[in-house]
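Chain by chain, the residues:
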Amino acid sequence: MNEFVVGKKYDFGDIILTEQEIMDFAKAFDPLEFHTDKEIAKKTIFKGLIASGPHIFNHIYQREWIPRFGKTVICGTGVSNWKFIKPVYAGQKIHVELTILSMNPDTQTGGTAISWLYEFKNTKGEMVQLLEMEIMHKSS
């Protein structure tokens, strides 16, 4: 728990999804045509294939968050303020940072509820997605 401090930022690097990764994820979890069919996607407001909203979160959660913090988890307690602000296209570089917003000890579990802010930005520094997630972590 010593590594966790309110306000601490973690740089999780960049994500670049391929068209095939976008289509494979969508076929399994969000089979809307603008995620699974390049030709149909061209005719939508997005003018091309885009990633499913949860895809970039799921990718970074599995690649970065779980290996770093997974062993400290008691349970997840909620996700809030999940905003899909701009579409994410294949080949687009998305940078990911996390910030600890709050830490609240929980006497019932003996753990600490940590509120994490995930921020996903494009190369222009524009927010494309954000969410808050609360996780109950082991206290030591």
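Owing to the predicted nature of the structure, the values given are computational and were not obtained by experimental measurement. (Residues numbered from 1 in each chain as written. Predicted model: local features only at pLDDT ≥ 70, side-chain atom pairs only at ≥ 80, totals over all residues. Heavy atoms only, no water.)

1. Some details on unusual backbone geometry
With phi around 60 degrees, Lys47 is a residue other than glycine that occupies positive phi space. Here Lys47 lies in the loop between α3 (38-42) and α4 (53-69). Under the relative-accessibility criterion, Lys47 is labelled exposed at 62%. Although it is not a glycine, Asn81 sits at a positive phi angle of roughly 50 degrees. Tracing the sequence through the fold places Asn81 in strand β2 (residues 73-84). (Helix = DSSP H or I, 4+ residues; strand = E, 2+ residues; numbered from the N terminus. Buried < 20%, exposed > 50% of the residue type's maximum accessible area, 1.4 Å probe, protein only.)

2. Some remarks on the nonpolar core
It is characteristic of soluble globular proteins that their nonpolar side chains tend to be buried jointly. Judged by nonpolar contacts, the single largest core of 28 residues is most densely connected at Trp116, Tyr118 and Phe120. With 5 residues, the top contributor of residues to this core is α4. (Core = buried A, V, L, I, M, F, W, Y, C linked by side-chain atoms within 4.5 Å.)

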